Amino acid sequence: MKPLARAYVLIASILLIGIFVQPLWYIALDAPQYPDGIEMYIWVNKITGQDESTLQNINILNHYIGMQKIEPDSIPELKIFPYVGVFLILFGLFVWWKKQPKLLYVYGFLMLILAVLGIFDFWLWEYDYGHNLDPHAAIKVDGMVYQPPLLGAKWLLNFKAVSYPHIGGICLATSCFLLIWGMVHQKWAKTSY
Amino acid sequence: MKTLKIFAVALAATVLISSCGDSGQSNNKKSNSGALNNSSAAEAVYVAPGEHDEFYEFFSGGFSGQVSVVGLPSGRLFRRIPVFSVDAEKGYGFDEESKAMLQTSHGFVPWDDSHHPKLSQTNGEIDGRWLFINGNNTPRLARIDLTTFETAEILEIPNSAGNHSSPYLTMNTEYLVAGTRFSVPIPQKDVSINTYKENFHGALSFISVDPEHGDMDIAFQIVMPGFDYDLASSGKGPSHGWTFFTTYNTEKGNTMKEATASQNDKDFIAAINWKKAEEYVAAGKFEEWDCSYAHNKVDEKTHIASTEMRNKVKVLKAADCPGMIYFLPTPKSPHGVDVNTTGEYIIGCGKLNADLTVHSFEKMLAAIAAEDYETIVDGIPVLKYESVVDGVVKSGGLGPLHTEFDGRGNAYTSFFISSEVVKWKLGTYEVLDRVPCYYSIGHLSIPGGGSMKPWGKYLVAMNKITKDRYLPTGPELAHSAQLFDISGDKMKLLLDFPTDGEPHYAQGCPAELIKPNSKKFFKLSENEHPYAIMSEEDARVERDGNQVHVYMSCIRSHFAPDNIEGIKVGDQVYFHVTNLEQDWDTPHGFAMMGANTSELLIMPGVTKTLYWEPKEEGVIPFYCTDFCSALHQEMQGYARVSAKGSSTELKWWLGED
C-alpha cells in the first residue's frame, strides 16, 4: 500500500472514534411557543434531547397527530450500530497494520456500503415515524405526513423541522471521503508515496 | 359674572403655560406636573414586545396579604405571590399541601396584612436569593424563594401584636427584626386596659436566618417599654450591628391615641446594639419564657408544608442589659427611620412635622461614650437631642414618612400630607427638588432601597389615595403608583400604574439578579410526595376504611385514571394529582364539581391533593382548569358515587370501554 493511502486509512479509522463522542445527526423543531426550541440528537447508540425531558415533550406533541413514541430502548439499530462502529475502527487499524492494497479496497467499499445503508436505515426510520400514524389520532390532516427531512428544513404543521448531520456524522462522512481518496490514490496515482 | 369666568379661565391657562417649562416646581397643577413631555415619557417606560423589564419590583399587597411582582419601568404586573392570605386561584391554603402554611397559635388564619418586602442582602447588597415580608395583623414573617416565587416558610412571632417594624434585615441577612406596633401584656393576661402603664410592654424580636437554606428562627426578644414600635432600619457599614426603631405613644396612652399619643414634643428612635444583645444571650443573661408560635415550612422534596409548634423564646429585658439600648429623641411621632447607604445618617420622619431630623451615627457613639444623657426612661438612657442630631431638613412640606437614597449622596423623602416627594442632599440638608404625587404618597422605593448599593435610576411612589387617576370602578379603586426618573438633577414623572391590594413598601433589584435562577419546572424524579406517581402505570385507587386515595396523574391531555367507580357517599376522598409534565409553562388544574374547596393548580413535577366528601349518589365530573393544550376541553373525567354500604366494586380505568 502506498504510504499516503495508508495514512488516510489510519486517519479515517481514528476519525471514526468521533461517532462515539458526538451525535451523528440532529433534528430541531421550531415553533413560536417553544422559544428555547426543541432539539433532538441521534447518536450511534442513543437518542437524546437538549435536556432529559425533551423526548417526553416531543412524544406528547406527536401523540396528537398519532405518531409513535420515540423510545430509544426499542430501536434495535441503536444496539447494533456501536458494534459495527467498533468493528470498522478495528478493521481500519488492521488494514493500516497489514499494508495490503486488497484489504484497503475491501475496507473502503465495506465502509461506503455500511454508511449508505445506515443513512438509508435512518431515512426508513423517519419514513415510518412520519407515515405510520395511529388511525385514532385526535388531529388528522388529510394527506399530511410527518416525515422529517433527511437534510434541510421542512414545515410539519406549525413546526419547522430542520435536520442536519452533527459532528459524529461529519466524522463518518470525512472517513468515507478519505477512504475514497485513499483508494483512488492507491489505484491511479503515479507516485510511490 | 361671565367676564369674571373668562378671566379666571385665562388666568388658569397662564398659570398652566408658565409652569410647563419648569418641571415640578408647582404644586397646584394637576395630572402630570414634573413629567417629561408625553412622548418621551412613553418612550422611557416602553418595553418592546418580547423584551424584558430592567428591574423586578416586589410590592407588598397590604390588606391583600400577598406580594405582587411588577416590572420596571413598564409597571406591568407579572404575578401575585400568595403569602399570608388564601388564594383560591392557586389552591394556596385550600389544597392539602399548603394548608399548614397559614397555621398559627390561634389556629388557621386565612388572611393577613403584608407590609414591607425586603430582599436578602450579602455585604449590604441585594443578592436576589429570598424575599422576606411581614404579616402585620397576626404577627408573622414569611420567606419567599426567588427561584420559584413561592412562599417557602412562615414563622409566627410570639409576644408581639401588630408586626409593623419588620423585617428590615441586617446587611448580611444575619437577622430580620420584628417590632410590635401594639404594646400588650407579655405574657398575655386578663387585665384592665387602663392598667396600660404598668402592665403593657413592647417586644422587639430578632430572627436569625440560616445563610444556606434561609430557615428563620427567633434568636431572642427584647422586652421594651410600652410604646408603639413603628418602623425600623438596620445599620450598615460603620453602623452594622445596630438596628433603629421609631417609637410613638411614648406617652403610653391606651385610648383615643390619635390625641394621647401625640402630646410629647419628641418621641424616640430606639437604637438597639444587637451585637451587644448577642453577647448578653451568649453570657446567659436571658430568661426563657413559655409561649406558643407556629413555624410553617414547605419541604422542598415533597412540596408539602408542615407546622411545628414551638413554645420557648429567649427574652432579654431592656433594663437588665446596660449598653444595649439608647433612645434618640426625635420630634413628633416619627414614622419612618432610614439609615443611608454609608450607614452614617439616621433619618427620622416626624410624621406630624414639617422637618426631617437627621441623626449622626458617629455623634451617637460619641454621646454614648460621654454618657451625654438627657434622662433615663424605664432604665434606658435618652441621649441629648443636641448631641446626636446632625441636621434638620427644612423641607417646606408636611407629614414626612419615608426616605430612600440614590447612592449619589441624595435622599428622597415622601410627604403624605403635602403629597409630594422631596429630594435633598445628605450632609448639607438643602432641598434640591420636589415633585407632587397623586395623591398622598406613603412609601417610596428606589430599586436596591435599604441596601448599601441602590440602583438610583427610578423611584416609585406608592400613593394612598387614587380618586380620579384612572377610569372609575365604583367606590373602591385600585391604589396608584407613580414612576419617576431620578437619574438627572430633577425628578421626572414617567408613568402612573395601578397596583394590587394596598402596597405599603416595595423593593426591587435588577432583573439579572433573579431571572437566571428562575425555575422552569420541578423535576418529577425528585418528587418525594408520599402519594406521587412517576408514570400512568402507577395510577390507582386505594380504599382504607372510608378513606379513598386516588393516585392520579395528568399530562396533556388526560387524567389517569379518568373513570373511577366504587366511591360511596360519606367517603373521604383524596385526589392526589401528579403533573407528569416536564416542560416549561405546563401546569394543569384539577377541579371537582361540588367540592367544598378550591381547584388545584399543579406545576409540572408536583403532586397536589384535593379533598372531597361526596354527599349524594351520582356521577360527578372533574376537569382540567388550566388551558393546557389543543385538547384541554377533553381533559376531563367522572367519579361515580354509590350509596353508603352499596356493593359497587372499586375500579378505575383510562382509555378502555
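Procedures and definitions
Residues numbered from 1 in each chain as written. Chains lettered and ligands numbered in written order. Predicted model: local features only at pLDDT ≥ 70, side-chain atom pairs only at ≥ 80, totals over all residues. Heavy atoms only, no water. Helix = DSSP H or I, 4+ residues; strand = E, 2+ residues; numbered from the N terminus. Buried < 20%, exposed > 50% of the residue type's maximum accessible area, 1.4 Å probe, protein only. Contact = heavy atoms within 4.5 Å. Pairing = 2+ DSSP bridges. Axes fitted to C-alpha atoms, helices over the stretch in contact; angles between N-to-C directions. Domains from an automatic or database assignment. Buried area = accessible area lost by both parts, 1.4 Å probe. Salt bridge = Lys/Arg side-chain N within 4 Å of Asp/Glu carboxyl O. Polar contact = N/O pair within 3.5 Å; in protein donor to acceptor, adjacent residues only side chain to side chain. Nonpolar A, V, L, I, M, F, W, Y, C, P; charged D, E, K, R; others polar. Parallel < 35°, antiparallel > 145°, perpendicular 65-115°, else oblique. Left-handed = near helix turned anticlockwise from the far one by under 90°. Core = buried A, V, L, I, M, F, W, Y, C linked by side-chain atoms within 4.5 Å. Arc of directions from axis to C-beta. Patch = residues over 30% accessible without salt bridge, like charges linked within 9 Å, V, L, I, M, F, W, Y side chains within 5 Å. Areas by Shrake-Rupley, 256 points an atom, 1.4 Å probe, with all protein chains shown as cover. Lys, Arg positive; Asp, Glu negative; His and termini not counted. Charge placed at Lys NZ, Arg CZ, Asp CG, Glu CD.

Visitor: Pulling in residues and values, what's your account of the overall build of chain A?
Guide: When you go through chain A residue by residue, the secondary structure sums to 6 helices and 5 strands. Listed N to C, the secondary structure of chain A is α-α-β-β-β-α-α-α-β-β-α in terms of helices and strands. By principal-axis analysis of the C-alpha atoms, chain A measures approximately 65 × 30 × 30 Å. Across the 193 residues of chain A, 44% fall into the buried class. Considering only intrachain contacts with a sequence separation of at least 6, the fraction spanning at least 24 residues in chain A is 63%.

Visitor: An account of the sheet that holds strand β1 (residues 25–30) of chain A is requested, with residue identities and associated values reported.
Guide: Residue and element names in this part refer to chain A. Within the open sheet, the 5 strands sit side by side as β3-β2-β1-β5-β4. Their pairing is antiparallel. A strand with exactly one partner marks an edge of an open sheet, and here the two such strands are β3 (47–49) and β4 (152–156). Each adjacent strand pair in this sheet contributes to an overall mean axis angle of 20 degrees, direction not counted. In this structure, β4 lies alongside strand β5 (residues 159–165), joined through 5 bridges in antiparallel fashion. Its bridge partner being in β5, Trp155 is matched across the sheet by Lys160.

Visitor: Outline helix α3 (residues 54–64) of chain A, supporting the account with residue identities and numerical values.
Guide: Burial runs high along α3(A): 9 of the 11 residues are buried. In the segment just after α3(A), A:Gly66 is the residue with positive phi, at about 85 degrees.

Visitor: I'd love a proper account of the pairing of strand β31 (residues 441–445) of chain B, names of residues and values included.
Guide: Residue and element names in this part refer to chain B. Taking burial as the measure, the 5 residues of β31 include 5 buried ones, the bulk of the element. The pairing of β31 with strand β32 (residues 458–463) spans 3 bridges and is antiparallel. Residue pairing in the sheet places Leu444 in a bridge with Ala461 of β32.

Visitor: Break down the environment of A:Pro82 for me, citing the residues and quoting the values.
Guide: By the secondary structure assignment, A:Pro82 is in helix α4 (residues 77–98). When neighbours within four sequence positions are excluded, A:Pro82 is seen to be in contact with A:Phe20, A:Val44, A:Asn45 and A:Glu77.

Visitor: Quick one: what's the story with the environment of B:Glu43, residue by residue and with numbers?
Guide: Residues and elements named next belong to chain B. Relative to the elements of secondary structure, Glu43 occurs in helix α2 (residues 38–45). A relative accessible area of 65% places Glu43 in the exposed class. In this structure the C-alpha to C-alpha distance between Glu43 and Ile602, which are 559 residues apart in sequence, comes to 38 Å.

Visitor: Which residues make up the domain arrangement of chain B, and what values do they have?
Guide: Residues and elements named next belong to chain B. Here the domain parsing of chain B yields domain 1 (45–84 + 96–102 + 109–517) and domain 2 (524–653). The gap between the C-alpha centroids of domain 1 and domain 2 is 44 Å. Counting from both sides, the interface comprises 7 residues of domain 1 and, opposite them, 12 residues of domain 2. Regarding the contact of domain 1 and domain 2, the summed buried area is about 790 Å², with carbon and sulfur atoms giving 56% of it. Of all residues in domain 1, Glu96, Glu97 and Lys301 give up the largest surface area on contact with domain 2, accounting jointly for 59% of the area buried on that side. Put simply, domain 1 and domain 2 have 0 salt bridges between them. Taken together, the links from domain 1 to domain 2 amount to 4 residue pairs in polar contact (both at pLDDT 80 or more). Residues that form the side of domain 1 that touches domain 2 fall into these classes: 1 nonpolar, 2 polar and 4 charged.

Visitor: Which residues make up the side chain of B:Thr413, and what are the values?
Guide: Residue and element names in this part refer to chain B. Among the secondary structure elements, Thr413 is positioned in strand β28 (residues 410–415). Polar side-chain contacts of Thr413 include one of 2.9 Å to the side chain of Thr403. Only 2.8 Å separates the side chain of Thr413 from the side chain of Trp424, close enough to count as a polar contact.

Visitor: Let's hear about the packing of α4(A) against helix α5 (residues 101–131) of chain A: which residues, and what values?
Guide: Angle between the axes and distance between the axes: these two values describe a pair of packed helices. All names here are of chain A. Between α4 and α5, whose axes approach to 10 Å, the crossing angle comes to 160 degrees. Here α4 is positioned roughly antiparallel relative to α5, judged by the angle of their axes. Considering only the axes of α4 and α5, their crossing is left-handed. In this structure, α4 uses Glu77, Phe81, Val84, Phe87, Leu88, Phe91, Gly92, Phe94, Val95 and Lys98 to contact α5, whose residues at the interface are Leu103, Leu104, Val106, Tyr107, Leu110, Met111, Leu114, Gly118 and Asp121. Across the contact of α4 with α5, the residue classes tally to 14 nonpolar, 2 polar and 3 charged.

Visitor: Which residues make up the pattern of salt bridges, and what values do they have?
Guide: With the rule as written, the count across this model stands at 33 salt bridges over all chains. Between A:Glu52 and B:Lys523 there is a salt bridge; the shortest N-O distance is 3.3 Å. One end of the pair, A:Glu52, is in the loop between β3 and α3; the other, B:Lys523, is in the loop between β35 (506–510) and β36 (540–544), on a second chain. When its relative accessible area of 34% is taken as the criterion, B:Lys523 is described as partly exposed. Of the charged contacts in the structure, one is a salt bridge between B:Asp433 and B:Lys490, with a shortest N-O distance of 3.9 Å. With a gap of 57 residues between them, B:Asp433 in strand β30 (residues 431–436) and B:Lys490 in the loop between β33 (479–485) and β34 (492–499) connect regions that are remote in the sequence. Overall, B:Lys490 belongs to the partly exposed group, its relative accessible area being 32%. Among the charged side chains, a salt-bridge network with shared partners connects B:Arg143, B:Glu153, B:Asp215 and B:Lys297.

Visitor: An account of the interface of chain B and chain A is requested, with residue identities and associated values reported.
Guide: Each partner contributes residues to the interface: chain B has 13 residues there, and chain A has 10 residues. Summed over both partners, the interface of chain B with chain A buries about 960 Å², with 50% contributed by carbon and sulfur atoms. Counting the surface chain B buries against chain A, the share from its top three residues, B:Arg556, B:Gln582 and B:Leu631, is 45%. Here chain B is connected to chain A by 2 salt bridges. Of the charged contacts in the structure, one is a salt bridge between A:Asp36 and B:Lys520, with a shortest N-O distance of 2.7 Å.

Visitor: With reference to specific residues and values, describe unusual backbone geometry.
Guide: All names here are of chain B. Cis geometry is adopted by the peptide bond preceding Pro167, which originates at Ser166 and carries an omega value of -5 degrees. A cis geometry characterises the amide bond from Ala560 onward to Pro561, with omega recorded as -5 degrees. Its location among the elements puts Pro561 in the loop between β38 (558–560) and β39 (563–568). For Ser419, which is not glycine, the phi torsion reads 55 degrees and is therefore positive. Relative to the assigned elements, Ser419 resides in the loop between β28 and β29 (420–425). Residue class for Ser419 comes out buried when judged on its relative accessible area of 12%.

Visitor: How would you explain the nonpolar core if you had to name every residue and give the values?
Guide: Residues and elements named next belong to chain B. The biggest cluster of nonpolar side chains holds 40 residues, and the ones touching the most others in it are Phe58, Leu483 and Phe497. Apart from the residues lying within four places of it in its own chain, the contact partners of Leu483 are Val45, Leu72, Pro73, Tyr458, Leu459, Val460, Lys492, Leu493, Leu494, Leu495 and Phe497. Counting residues in hydrophobic clusters, the runner-up holds 28 residues, among them Phe206, Ile222, Trp274 and Leu316.

Visitor: So what's going on with helix α6 (residues 361–369) of chain B? Which residues, and what values?
Guide: Side chains that are three or four residues apart share a direction in an α-helix, a result of its 3.6 residues per turn. Residue and element names in this part refer to chain B. Of the positions making up α6, those classed as buried are Phe361, Met364, Ala367 and Ile368. The buried residues of α6 occupy one face: seen down the axis, they fall within an arc of 120 degrees. Residues Glu362 and Ala369 are exposed on α6 and point more than 90 degrees away from its buried face. Measuring from the backbone nitrogen of Glu362 back to the side-chain oxygen at the start of α6 gives 3.3 Å, which picks out Ser360 as the cap. A positive backbone phi angle near 50 degrees is found at Glu371, which sits one or two residues after α6.

Visitor: An account of a negative patch on the surface is needed here, citing residue identities and associated values.
Guide: A cluster of acidic side chains, namely B:Asp299, B:Glu300, B:Glu526 and B:Glu528, defines a negative patch on the protein surface. Mapped onto the elements of the fold, B:Asp299 is located in the loop between β18 (287–298) and β19 (305–317).

Visitor: Residues and numbers for the side chain of B:His335, please.
Guide: Residue and element names in this part refer to chain B. Among the structural elements, His335 can be located in strand β21 (residues 334–339). A relative accessible area of 14% places His335 in the buried class. Not counting residues up to four positions away in its chain, the partners in contact with His335 are His164, Asp230, Leu231, Thr246, Cys349, Lys351, Leu401 and His402.

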